[in-house]
Structures are given as structure tokens and as C-alpha cells.
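What follows is the residue order along each chain.
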Amino acid sequence: MKTRFLAGLIGSGLVFAPMVSAAEAKKHPTMSEDMRQAIAFERAKDRADARQARLEKIHPSVSYTDANRNADRSIDESQGRIVRDPGKPATKKNK
């Protein structure tokens, strides 16, 4: 009687053990705290970018008008002086 009970107990343990371990393996792995902080940072950065885009749409800080594109920059080329490279500096020989 005891042998049959013990065999039934061991047999049921062998049948149910894989089901229990399979149920535990299906759980999602938890994210580390670093990963959560990185995701939160990226989301905050995306929100800030979207907010800045909305503000720029209302009050642009850069004007893209034709006057800005066709600026006369010929004066920039005529200013200044030409600087020539003097070459290697002379080295002193210690005696």
C-alpha cells in the first residue's frame, strides 16, 4: 500500500514538474533600472523636441526669406589680409 502511494506521488511529481517550470519560464524578464531610466530619458527628449518644434512653428528664430538666401557676401572676400606660412621655426643647437 505504501509502495503504491509512494510510486503515485513520484509519478505525479514527474508529470506536474514540467508544467510548473514551463509556466515560470513564460514570465517576462524584468527590465533593469538603467534600462528604465534610459527609456524615460529618450521619451522626455522626444517630448522636448516636439515642444521646441511647436514653439518654432509659432515664433521661428531663423527666417528663411529670399532676402536671407540672396545675401551679398562679396564684401566678405575683399576684407582681411593674406597670411603666409613662414615655415618651420628655427631650432637652436645647444653646445
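Here is what the cut-offs are and how they apply
- Positions within a chain are numbered from 1, following the residues in the order the chain's sequence is written.
- Reporting in this predicted model follows two pLDDT cut-offs: at least 70 for local features of residues, and 80 or more for side-chain atom pairs to be given and counted; totals over whole chains, interfaces and linings ignore these cut-offs and use all residues.
- The basis for the side-chain values is all heavy atoms of the structure; hydrogens and waters are excluded.
- Numbered from the N terminus, helices here are DSSP runs of H or I no shorter than four residues, and strands are runs of E no shorter than two.
- Throughout this description, buried means an accessible area under 20% of the type-specific maximum (1.4 Å probe, protein chains only), exposed means over 50%, and partly exposed covers the range between.
- Each accessible area is a Shrake-Rupley result for a 1.4 Å probe, and residues are judged covered by the shown protein chains and nothing else.
- Salt bridge, as used here: a side-chain nitrogen of Lys or Arg that lies within 4 Å of a carboxyl oxygen of Asp or Glu.
- Values of pLDDT, ranging from 0 to 100, describe the predictor's confidence in every residue of the model.

Asks: Explain the overall build of the protein chain to me, and be specific about the residues and the numbers.
Replies: Helix and strand content of the protein chain: 4 helices and 0 strands. Ordered by position from the N terminus, the helices and strands of the protein chain form the series α-α-α-α. Relative to its full complement of 95 residues, the protein chain shows a buried share of 0%. Total accessible area on the protein chain stands at roughly 10,200 Å², and carbon and sulfur atoms take up 58% of it.

Asks: Break down the pattern of salt bridges for me, with residues and values.
Replies: Under the definition given, this model contains 2 salt bridges. For R36, the salt bridge goes to E33, with nearest N and O atoms at 3.8 Å. Here the residue R36 and the residue E33 both occupy positions in helix α2 (residues 33-58), the gap between them amounting to 3 residues, near one helical turn. On the basis of relative accessibility, which here comes to 44%, the residue R36 falls in the partly exposed class. One salt bridge in this structure joins E42 and K45, with 3.7 Å as the shortest N-O distance. With E42 and K45 both in helix α2 and 3 residues apart, this pair spans about one turn of that helix. On the basis of relative accessibility, which here comes to 38%, the residue E42 falls in the partly exposed class. Note on K45: relative accessible area 37%, which makes it partly exposed.

Asks: Can you tell me about the confidence of the model for the protein chain, naming the residues and giving the values?
Replies: Across the protein chain, pLDDT averages 78, with 72% of residues at or above 70. Within the protein chain, the lowest mean pLDDT, 54, falls on helix α3 (residues 66-69), and the highest, 94, falls on α2.

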